[in-house]
Amino acid sequence: MAIIEYKPVLSVFLLSLCLIVPFTRATDVRYCDKKADYDVKVKGVEISPNPVVRGQQATFSISASTGKAISGGKLIIEVSYFGWHIHSETHDLCDETSCPVSDGNFIVSHSQVLPGFTPPGSYSLTMKMYDGKKHELTCIAFDFSIGFASSVQDS
């Protein structure tokens with residue numbers, strides 16, 4: 001009889017777990033050169049919302065660490081859609097994090113609103129970080145998705 005009483009509780013727990021897990025999944029990060037000893041080590045990437053929603057602000061937060069201070073530099077971002085290069089942009093590092101970056105942990109955060117006409121699907125992003133002397137500090141790649149939903153109504 002006790003087993004019958006726990007079945008509804010177990011069902012609710014499993015359903016709750018299925019609803020929560022998609023919102024907490026980690027984004028896998030790959031270094032561009034697996035053999036390189038980059039000065040900036042990336043610990044992870046959080047994307048919010050995940051999947052990205054067209055017409056709404058998306059934020060990419062990259063947790064990283066460095067063994068030496070960084071006074072400035074730039075980020076170069078390349079985006080591919082199903083393997084096709086579709087977009088490039090360059091940002092001042094100090095616009096995406098607080099400069100100077102002290103040795104230790106720091107966050108690089110970039111927010112952007114994607115147009116409502118952005119096609120849904122699988123995208124890949126490559127980010128290269130350079131210091132002020134154009135020395136490559138790190139290079140990472142990760143995948144993200146843009147969902148089918150859009151906050152912008154089609155006319």
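So, how was this worked out
Residues numbered from 1 in each chain as written. Predicted model: local features only at pLDDT ≥ 70, side-chain atom pairs only at ≥ 80, totals over all residues. Heavy atoms only, no water. Helix = DSSP H or I, 4+ residues; strand = E, 2+ residues; numbered from the N terminus. Contact = heavy atoms within 4.5 Å. Areas by Shrake-Rupley, 256 points an atom, 1.4 Å probe, with all protein chains shown as cover. Pairing = 2+ DSSP bridges.

> I'm lost on the overall build of the protein in this one. Help?
Along the protein, the regular secondary structure elements total 2 helices and 9 strands. Of the contacts made within the protein by residues no fewer than 6 positions apart, 62% connect residues no fewer than 24 positions apart. Accessible surface for the protein amounts to roughly 10,000 Å². Of this, 59% is attributable to carbon and sulfur atoms.

> What exactly am I supposed to notice about the pairing of strand S5 (residues 73-81) here?
Note on strand geometry: in a regular strand, side chains alternate between the two faces of the sheet. Sheet analysis places S5 next to strand S8 (residues 121-131), joined by 9 bridges and oriented antiparallel. Its bridge partner lying in S8, Leu-75 is registered against Met-129. Across 8 bridges, the pairing between S5 and strand S6 (residues 84-92) is antiparallel. Residue pairing for S6: Val-79 is matched across the bridge by His-87. Connecting S5 to the next strand, S6, in antiparallel fashion are 2 residues, including Phe-82 with a positive phi near 50°.

In short, the description is geometric, and any link to function would need to be established separately.
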